[in-house]
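Descriptive structure summary
Okay, here's what each chain looks like letter by letter:
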Amino acid sequence: MKRFTHKLSISVCALLLLTANACKDDFLERAPAGASSETVLANRAGVDGLLIGAYSLLDGIGGPGGDVWAQSVTNWIWGGVASDDSHKGSEYGDQPQAEQVENYTTISTMPYIAAKWAPLYAGAQRANDVLRLLRKVPEGQITPADTMQIAAEARFLRGLYHFEAVKMFGEKVPYVHEGITYENDNLYVPNDASIYPQIEADLQFAAANLSPTKPQFGRVNSWAAKALLAQVMLFQDKYSEALPILKDVIANGVNSGGEKYDLMDNFSDNFRASRQNNAETVFAVQMSVGDGAGGLNGNAGDVLNYPGGGVTSCCGFYQPSFSLANAFKVDPATGLPLFENNAYNATNLKTDQGLSGTDPYTPGNEAVDPRIDWTIGRRGIPYLDWGIMPGQTWVRAQAAAGPYLPVKNVFWKAEADSETDFYDGWAANQSTGVNYNYIRFADVILMAAEAEVEAGSLAEAERLVNLVRARAANPAGWVHTYVDPADPAKGFTNTPAANYRIGLYSGQFTTRGQAYAREAVRFERRLELAMEGKRFFDLQRWDNGTGYMADILNAYIAKELEFMPSYQILKGAQFKKGQDEVFPIPQGQIDISNGTLKQNQNTGG
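1. Focus on the overall build of the chain
Counting its regular elements, the chain contains 22 helices and 12 strands. Taking 2.2 N^0.38 as the reference for a compact globule, 605 residues should give roughly 25 Å; the C-alpha atoms of the chain span a radius of gyration of 24 Å, in line with that estimate. On the principal axes, the C-alpha backbone points of the chain span a range of 75 × 55 × 50 Å. Here the chain, with 605 residues, has 61% of them falling under the buried criterion. Considering only residue pairs separated by 6 or more positions, the chain has 72% of its internal contacts joining residues 24 or more positions apart. For the chain, the exposed surface amounts to about 21,800 Å²; the carbon and sulfur share of it is 53%. Taking the 51 positively charged and 68 negatively charged side chains of the chain as two groups, their mean positions are separated by 2 Å.

This is the structure in structure tokens:
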């Protein structure tokens, strides 16, 4: 199956024309050098080029300018740093806008906010360009079947971009369809109603009309559209409507290559370039390096997020929190998580916090879920194939942000030559060719488990959660010690690197009841999807005005400061119920809307 690299080449970029902004005055209608008119584009190649352009903004990079870190599709800032998953990392004062996100002082004039908004609506506009141009292609240039596939892909992308805007800025944001044009004199689109109905309509159209397989990975198929539609429904608490869709995806879904959806044998295979686009891939944003684009087609928005001095020379952002690491503690007798009454976070796992890099240190022997060391770098534990994570030489802002490092986003040393590229010529940082799993099959299974809990089918919810836990319980997929710690390239032994213990639920969902089952599923999502940019948005959708999100995050702040009193960013921080669940709409967008756009409940401070 051919991998679909969805970034536009330079030649296709020259063809890209945002028709909605075309001007009526004759002297402005002259095509600039390097651009093409709709007449030239109105054929199969032109439409394909525009569709590739719509895909190309999925990673957030390449459209309107701004801070690339804020634009990343991984949402490491918005879904991770803003939650209890991680700290911003690096030293205090470095990237202060990310610090404002972490301590809930984000304001509407912050450039990060504008940077995140811009590619979402540019992506939606590119999808609209495809739909507009399709209607102008002469008969016979594209078959009706291909026309339908192209339209369905474009509508999926339009739905996805708008959904990302809703997650960030609330359900009352502008919905921009292909009929919004300069010619129609309707460019000022209000945000006075929920746009969930329009997003659902786009995804329903895509799910109904897309083919189940595609000639290239990266192009969306019907099953991915169904999975995203179900996720959108969960964000509206429409569990009963989402459940049959999720059941269908689990029972019958295949990836774009035609492979039946399944959990990979090894959890870590989902985060390794050489093993991506696999059976667990429902929809992945394709990343590309070594293509002459200076790293801009890779994970450019995440180039700060590697251990400096060990993997790259910069920068040590995106450090996992104490809370996240503690979440992987388990009951040593049962191997089950300790989520009841937040027992997991009563005390810390052993760390080297407060020790110098040269102080002797031996990792603790606490019983932990084996996913921890594929998610969080801990001193004294093998860090992929880079070596034992040291207490010195690798940049880790221990005093400023804690003892841990990220792992899921990091490339393997053995694959560095083929899967990395200097970002925009900046040798200190590297983009990678590691895809971002926008939806993977484990996510689908846990969404279905949520819906089963709300339906009262607690035994079935437990069975689904156990599918995910059973994969994590496979010793072959655990982190193991090195054959030669001085030379990790020699491979791994069969000896687990830590005291891994994970058990399956055995009737607790039904005996303990729905409330217990609900929290068990939610906690499993935290463990399975940690550091994948989803945690903030999960808390957001579970809140429903109850204060659930505020309660969790304010308790997190208090406990994190107890564990690390010197952490400046969280001192005085408070998550404000009814305000901080979404981010403010960029003030610049409100200004240019002539008053059409209204600020959401987050006033922007």
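2. Details of the packing of aromatic side chains
This structure, assessed with the given rule, holds 27 aromatic pairs. Each ring, one from Trp78 and one from Tyr112, has its centre 6.4 Å from the other, and the planes form 70°; the classification is edge-to-face. With Trp78 in helix α5 (residues 76-81) and Tyr112 in helix α7 (residues 111-134), the pair connects residues that are 34 residues apart, well separated along the chain. The exposure class of Trp78 is buried, given its relative accessible area of 0%. On the basis of an interplanar angle of 90° and a centroid distance of 5.1 Å, the ring pair of Phe163 and Phe235 is categorised as edge-to-face. Taken as a pair, Phe163 in helix α8 (residues 144-169) and Phe235 in the loop between α10 (222-234) and α11 (239-252) lie far apart in primary sequence, 72 residues in all. Taken individually, Phe163 and Phe235 each receive the classification buried, so the pair is uniform in this respect. Aromatic rings pair up to connect Phe339, Tyr344, Tyr505, Phe509, Tyr516 and Phe523 into one cluster. Positioned over the ring face of Trp412 is Arg272, at 3.7 Å from the centre of the ring. The ring of Phe235 is capped by Arg541, whose NZ or CZ atom sits 5.6 Å from the centre of that ring.

3. Things to note about unusual backbone geometry
Among all residues save glycine, negative phi is the norm, and among peptide bonds the norm is trans. The phi angle at Asn75 is positive, at roughly 55°, despite the residue not being glycine. Position of Asn75 relative to the elements: it lies in the loop between α4 (68-71) and α5. Under the relative-accessibility criterion, Asn75 is labelled buried at 3%. Phi angles above zero are rare outside glycine, and Asn544 is one such case at about 55°. Positionally, Asn544 belongs in the loop between α20 (535-543) and α21 (548-563). Taking relative accessible area as the criterion, Asn544 reaches 47% and is therefore assigned partly exposed.

4. Brief notes about the side chain of Glu178
The topology assignment puts Glu178 in the loop between α8 and α9 (196-209). The buried category is assigned to Glu178, whose relative accessible area is 16%. Only 2.5 Å separates the side chain of Glu178 from the side chain of Arg158, close enough to count as a polar contact. Discounting chain neighbours no more than four positions away, the residues touching Glu178 are Asn128, Leu131, Arg132, Arg135 and Arg158.

5. So, the packing of helix α19 (residues 514-529) against α20
Viewed as axis vectors pointing N to C, α19 and α20 meet at an angle of 165°, and their least axial separation amounts to 10 Å. Considering the angle they form, α19 stands roughly antiparallel to α20. Relative to α20, the crossing made by α19 is right-handed. On α20, the residues touching Arg522, Arg525 and Arg526 of α19 are Arg535, Asp538, Arg541 and Trp542. In terms of residue class, the contact of α19 with α20 is built from one nonpolar, no polar and six charged.

6. With respect to the nonpolar core
By size, the foremost hydrophobic cluster in this structure holds 182 residues, and its most contacted members are Trp78, Phe156 and Phe509. The contacts of Phe509, once residues within four sequence positions are left out, are Leu458, Ala461, Glu462, Val465, Tyr516, Ala517, Ala520 and Val521.

7. Quick notes on empty space enclosed by the protein
Counting across every chain of the model gives 11 cavities of 30 Å³ or more. Volume-wise, the largest cavity comes out at about 230 Å³. In this structure, the largest cavity is lined by 17 residues; those nearest its centre are Thr74, Lys408, Asn409, Asn435 and Tyr436. When the residues that make up the lining of the largest cavity are grouped by side-chain class, the tally is seven nonpolar, seven polar and three charged. In this structure, the second largest cavity occupies an estimated 150 Å³ of space. Along the wall of the second largest cavity there are 18 residues; nearest its centre are Lys167, Gln231, Phe235, Lys534 and Phe537. Elements with a contribution of two residues or more to the lining of the second largest cavity: α8, α10, β10 (436-440), α16 (441-455) and α20. Considering every element that reaches the lining of the second largest cavity, the biggest residue donor is α20, with three residues. The residue makeup of the lining of the second largest cavity, split by class, is seven nonpolar, three polar and eight charged.

8. Here we look at the pattern of salt bridges
In total, this model carries 44 salt bridges according to the counting rule given. As a salt-bridge pair, Glu99 and Lys88 come within 3.2 Å of each other at their nearest N and O atoms. Separated by 11 residues along the polypeptide, Glu99 in helix α6 (residues 96-102) and Lys88 in strand β2 (residues 86-89) bring together distant segments of the chain. Taking the relative accessible area as the measure of exposure, Glu99 reaches 8% and is therefore buried. For Lys88, a relative accessible area of 0% gives the class buried. Among the ionic contacts, a cluster of salt bridges with common partners joins Glu280, Asp369, Arg371, Lys408, Arg440, Arg469, Arg471, Glu524, Glu528 and Glu532.

9. A short note on α8
Over its 26 residues, α8 extends 37 Å from the first C-alpha to the last, a length consistent with the 38 Å expected when each residue adds 1.5 Å. Counting buried residues in α8 gives 21 out of 26 residues, a clear majority hidden from the surface. Two residues or fewer after α8 comes Gly170, characterised by a positive phi angle close to 100°.

What counts as what
- Residues numbered from 1 in each chain as written.
- Predicted model: local features only at pLDDT ≥ 70, side-chain atom pairs only at ≥ 80, totals over all residues.
- Heavy atoms only, no water.
- Helix = DSSP H or I, 4+ residues; strand = E, 2+ residues; numbered from the N terminus.
- Rg over C-alpha atoms; globule rule 2.2 N^0.38 Å.
- Buried < 20%, exposed > 50% of the residue type's maximum accessible area, 1.4 Å probe, protein only.
- Contact = heavy atoms within 4.5 Å.
- Areas by Shrake-Rupley, 256 points an atom, 1.4 Å probe, with all protein chains shown as cover.
- Lys, Arg positive; Asp, Glu negative; His and termini not counted.
- Charge placed at Lys NZ, Arg CZ, Asp CG, Glu CD.
- Phe/Tyr/Trp six-rings, centres within 6.5 Å; stacked < 30°, edge-to-face > 60°.
- Lys NZ or Arg CZ within 6 Å of the ring centre and 35° of its normal.
- Polar contact = N/O pair within 3.5 Å; in protein donor to acceptor, adjacent residues only side chain to side chain.
- Axes fitted to C-alpha atoms, helices over the stretch in contact; angles between N-to-C directions.
- Parallel < 35°, antiparallel > 145°, perpendicular 65-115°, else oblique.
- Left-handed = near helix turned anticlockwise from the far one by under 90°.
- Nonpolar A, V, L, I, M, F, W, Y, C, P; charged D, E, K, R; others polar.
- Core = buried A, V, L, I, M, F, W, Y, C linked by side-chain atoms within 4.5 Å.
- 1 Å grid on protein atoms, 1.4 Å probe; cavity = no way out; pocket = protein on both sides within 12 Å on 5 of 7 lines; lining within 4 Å.
- Points joined across faces, edges and corners; volume = space filled by probe spheres on them.
- Salt bridge = Lys/Arg side-chain N within 4 Å of Asp/Glu carboxyl O.
- Expected span 1.5 Å × (residues − 1).

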